[in-house]
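Okay, here's what each chain looks like letter by letter:
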Amino acid sequence: MTIKQIKVMTEQDQYDALQEYNYFEMLVNTKEYVTKDEYDFIINYDKTEKNNFSYVDSYLGDYLNFNVYSEHDHDKRQLEMERG
């Protein structure tokens, strides 16, 4: 291996990688619904997350995130909406 083949992460590379990681974590751990673009980003970042999302094509988003989805919270919101 030559020196040209070795890629050293610069401070900018490290910063960019951290920003990408933080964005991934925010999407996976806080957003109940994600857009197609957000879903694509998540799956490209970590393919194992594919099982944690389901395509729903809702007005709230394209994919439901099972990591944060709660049936109880959903039912509670639905009841509140029905009551007005």
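Residues numbered from 1 in each chain as written. Predicted model: local features only at pLDDT ≥ 70, side-chain atom pairs only at ≥ 80, totals over all residues. Heavy atoms only, no water.

### With respect to the sheet that holds strand E2 (residues 53-58)
Across the sheet, 3 strands lie side by side as E1-E3-E2; this open sheet has antiparallel pairing. Bordering the open sheet on either side are strand E1 (33-34) and E2, each of which pairs with just one other strand. Pairing of E1 with strand E3 (residues 61-65), which is carried by 2 bridges, proceeds in the antiparallel orientation. Residue pairing for E3: tyrosine 33 is matched across the bridge by leucine 64. (Pairing = 2+ DSSP bridges. Helix = DSSP H or I, 4+ residues; strand = E, 2+ residues; numbered from the N terminus.)

### Observations concerning the pattern of salt bridges
Taken as a whole and assessed by the stated rule, the structure comprises 2 salt bridges. Two residues, lysine 31 and glutamate 38, come together in a salt bridge whose shortest N-O distance is 2.9 Å. The class of lysine 31 is partly exposed, set by a relative accessible area of 25%. A relative accessible area of 12% places glutamate 38 in the buried class. In this structure, lysine 36 and aspartate 40 form a salt bridge, with 2.9 Å as the shortest nitrogen-oxygen distance. Here lysine 36 pairs with aspartate 40, and both are found in helix H2 (residues 36-45), just 4 residues apart, close to one helical turn. Given the relative accessible area of 39%, lysine 36 is considered partly exposed. Its relative accessible area of 28% is what places aspartate 40 among the partly exposed residues. (Salt bridge = Lys/Arg side-chain N within 4 Å of Asp/Glu carboxyl O. Buried < 20%, exposed > 50% of the residue type's maximum accessible area, 1.4 Å probe, protein only.)

### Brief notes about the nonpolar core
Residues Phe24, Leu27, Val28, Val34, Tyr39, Ile42, Ile43, Phe53 and Tyr63 constitute the largest nonpolar core, which totals 9 residues. Breaking this core down by element, the ones donating at least two residues are helix H1 (11-30) and H2. In this structure phenylalanine 24 touches Phe41, Ile42, Tyr45, Asp46 and Glu49, once residues within four positions along its chain are discounted. (Core = buried A, V, L, I, M, F, W, Y, C linked by side-chain atoms within 4.5 Å. Contact = heavy atoms within 4.5 Å.)

### Brief notes about the packing of aromatic side chains
Evaluated as defined, the whole model comprises 6 aromatic pairs. Ring geometry for tyrosine 39 against tyrosine 63: centres 3.8 Å apart, planes inclined by 5°, an arrangement best described as stacked. Separated by 24 residues along the polypeptide, tyrosine 39 in helix H2 and tyrosine 63 in strand E3 bring together distant segments of the chain. Each of the two residues, tyrosine 39 as well as tyrosine 63, counts as buried. Among the aromatic residues, those joined into a cluster by ring pairs are Tyr23, Phe24, Phe41 and Tyr45. (Phe/Tyr/Trp six-rings, centres within 6.5 Å; stacked < 30°, edge-to-face > 60°.)

### Quick notes on the pairing of E2
The pairing of E2 with E3 spans 4 bridges and is antiparallel. By the bridge assignment for E3, serine 58 is matched with glycine 61. Hairpin connection between E2 and E3: a loop of 2 residues separates the two successive antiparallel strands.

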